[in-house]
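Topology and contacts: notes
Listed below are the residues making up each chain.
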Amino acid sequence: MARDFRQLVVWQLADELQTMTLELTRTERWARDSPLRDEAVKTTSQMCRNTTEGFRRHSHREFAHFLEYCEGSTGELRSLFHEAQKKGHVTARQLQPARNVLYRLERALRAFITYLRRNPRPPWWN
């Protein structure tokens, strides 16, 4: 059992994705598109924060609810990546590593949400 949010695989993947997105948005073309850049950075930041906030909640149900926000943000980020590619800010090849991590995060979130919804909080959990 994780004692710190940084031990959660979903948080680690969200954090990795945030780092990758920050690097991608620093490319010259994307950096000049401040609305798209800011939204991509904000979205990945929210993924990390929602996972962290959910971790501090008092029930599996509440935690799962915050992870569902994170899951929604994965869809938003997919759309932002698509728009950035369409505008020519980045290539599909440049985006592929981040898209791979995004895919892993989506699968991990779905599995973790399912686990939390099916299993009550252990009585010894503080």
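Residues numbered from 1 in each chain as written. Predicted model: local features only at pLDDT ≥ 70, side-chain atom pairs only at ≥ 80, totals over all residues. Heavy atoms only, no water.

1. Some words on helix H4 (residues 60–86)
Side chains three or four residues apart in an α-helix point the same way, a direct result of the helix having 3.6 residues per turn. Over its 27 residues, H4 extends 39 Å from the first C-alpha to the last, a length consistent with the 39 Å expected when each residue adds 1.5 Å. Residues His60, Phe63, Ala64, Phe66, Leu67, Cys70, Ser73, Thr74, Leu77, Leu80, Phe81 and Ala84 constitute the buried set of H4. Those residues of H4 that are buried are in contact with helix H1 (9–24), helix H2 (28–32), helix H3 (34–55) and helix H5 (92–118). (Helix = DSSP H or I, 4+ residues; strand = E, 2+ residues; numbered from the N terminus. Expected span 1.5 Å × (residues − 1). Buried < 20%, exposed > 50% of the residue type's maximum accessible area, 1.4 Å probe, protein only. Contact = heavy atoms within 4.5 Å.)

2. A closer look at the confidence of the model for the protein
Confidence along the protein averages 94 in pLDDT terms, with 96% of residues attaining 70 or more. No element of the protein has a lower mean pLDDT than H2, which averages 94, and none a higher one than H1, which averages 98. (pLDDT = per-residue confidence, 0-100.)

3. Regarding the side chain of Asn50
Along the chain, Asn50 falls in helix H3. Here Asn50 is in contact with Phe66, Tyr69 and Cys70, once residues within four sequence places are set aside.

4. Observations regarding the pattern of salt bridges
Within this structure, the stated rule accounts for 9 salt bridges. The partner of Glu53 in a salt bridge is Arg57, and the shortest N-O contact between them spans 2.7 Å. Residue classification places Glu53 among the partly exposed residues on the basis of a relative accessible area of 35%. Judged by relative accessible area, which is 28%, Arg57 ranks as partly exposed. We note a salt bridge from Glu83 to Lys87, for which the minimum N-O separation is 3.1 Å. Owing to a relative accessible area of 31%, Glu83 belongs among the partly exposed residues under this scheme. By sharing partners, the salt bridges in this structure join Asp33, Glu83 and Lys87 into a single network. (Salt bridge = Lys/Arg side-chain N within 4 Å of Asp/Glu carboxyl O.)

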